[in-house]
Amino acid sequence: MKRVKEYHCYDYSDEWYLIEMLLERAPREIDFGAFVVPEAGVDRDNWQTAYLEQYLNESGTEKICALYDVPREPMPFSRVAFFVCKVGADTLQTPFGDFPLHADTPAPSRLRNLIEMEED
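This structure is a prediction, so every number in the text was calculated from the model and none was measured.

Student: Can you walk me through the packing of aromatic side chains in this structure?
Tutor: Aromatic rings in a pair are described by how distant their centres are and how their planes are angled relative to each other. Applying the stated criterion to the full structure yields 9 aromatic pairs. For the pair Tyr-12 and Phe-83, a centre-to-centre distance of 4.9 Å together with 75° between the ring planes defines the contact as edge-to-face. One end of the pair, Tyr-12, is in the loop between strand S1 (4-11) and strand S2 (16-23); the other, Phe-83, is in strand S6 (residues 78-85), with 71 residues separating them in the sequence. In this structure Tyr-12 comes out as buried when scored by relative accessible area, which is 13%. Note on Phe-83: relative accessible area 0%, which makes it buried. Put simply, the rings of Phe-32, Phe-35, Tyr-55, Phe-82 and Phe-96 touch in pairs and so form one group of aromatic residues. It is Arg-112 that lies over the ring of Tyr-12; its NZ or CZ is 4.4 Å from the centre.

Have a look at this one:
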């Protein structure tokens, strides 16, 4: 069974949502290319996908591998954080279900101090 134990959508900036999820799946079983934001009138191949995916420890207080890497140690869970651009974003579609993209809560400092973001 595909399961999401936690889902959080935070306001990161004027342009970005920061998504944090705790999944009951090993890191190597996750295909971030399947985490998409559907957009009416746009071909599926051009839909937005998760950006700057990062793996965290189970409590979400430390990164457990470098940006763009997958943890080497086998784990039965994945706590991930990634970004989604706010433009045209209503719903995040994943292999684990659909999730709303709206944030009234700013990204917590534990994530702001931990997560890498490449903004211009």
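Alright, that's what it looks like, and here's the rest.
Student: What exactly am I supposed to notice about the pairing of S6 here?
Tutor: Along any regular strand the residues' side chains alternate between the sheet's two faces. Along S6, 8 of the 8 residues are buried, which leaves the element largely enclosed by surrounding structure. The alternating pattern of S6 places Ser-78, Val-80, Phe-82 and Val-84 on one face and Arg-79, Ala-81, Phe-83 and Cys-85 on the opposite face, and all of these are buried. Sheet topology note: the S2/S6 ladder contains 8 bridges and is antiparallel. Residue pairing across strands places Leu-18 opposite Phe-83, the latter belonging to S6. Strand direction decides the pairing type here: strand S5 (residues 51-56) and S6, joined by 4 bridges, are antiparallel.

Student: How should I be thinking about the environment of Pro-106 in this particular structure?
Tutor: One can find Pro-106 in the loop between strand S8 (97-100) and helix H1 (109-112). Owing to a relative accessible area of 53%, Pro-106 belongs among the exposed residues under this scheme. Residues contacting Pro-106, with those up to four places away along its chain left out, are Tyr-10 and Asp-11.

Student: I tried to follow the state of the cysteines on my own but got confused; where do I start?
Tutor: Disulfide: a covalent bond connecting the sulfur atoms of a pair of cysteines. Per the stated rule, a full pass over the model turns up 0 disulfides. A disulfide-free cysteine, Cys-85 has its sulfur positioned 12 Å from the sulfur of Cys-9, the nearest such atom.

Student: Just to check I follow, could you spell out the pairing of S1 for this structure?
Tutor: Two elements, S1 and S2, share 7 bridges in a ladder whose sense is antiparallel. Pairing of Tyr-7 across the sheet is with Met-21, part of S2. Where S1 folds back onto S2 in an antiparallel hairpin, the turn is made up of 4 residues.

Student: When you look at the pattern of salt bridges in this model, what are you seeing that I'm missing?
Tutor: Opposite charge on two side chains lets them pair, provided their charged atoms get close. Enumeration over the complete set of coordinates arrives at 7 salt bridges. With a shortest N-O distance of 3.7 Å, Glu-24 and Arg-3 are connected by a salt bridge. Separated by 21 residues along the polypeptide, Glu-24 in the loop between S2 and strand S3 (36-37) and Arg-3 in the segment before S1 bring together distant segments of the chain. Taking relative accessible area as the criterion, Glu-24 reaches 29% and is therefore assigned partly exposed. Overall, Arg-3 belongs to the partly exposed group, its relative accessible area being 40%. Salt-bridge contacts for Lys-63 lead to Glu-116; the nearest nitrogen and oxygen are separated by 2.5 Å.

Criteria and cut-off values
Residues numbered from 1 in each chain as written. Predicted model: local features only at pLDDT ≥ 70, side-chain atom pairs only at ≥ 80, totals over all residues. Heavy atoms only, no water. Phe/Tyr/Trp six-rings, centres within 6.5 Å; stacked < 30°, edge-to-face > 60°. Helix = DSSP H or I, 4+ residues; strand = E, 2+ residues; numbered from the N terminus. Buried < 20%, exposed > 50% of the residue type's maximum accessible area, 1.4 Å probe, protein only. Lys NZ or Arg CZ within 6 Å of the ring centre and 35° of its normal. Pairing = 2+ DSSP bridges. Contact = heavy atoms within 4.5 Å. Disulfide = S-S within 2.5 Å. Salt bridge = Lys/Arg side-chain N within 4 Å of Asp/Glu carboxyl O.

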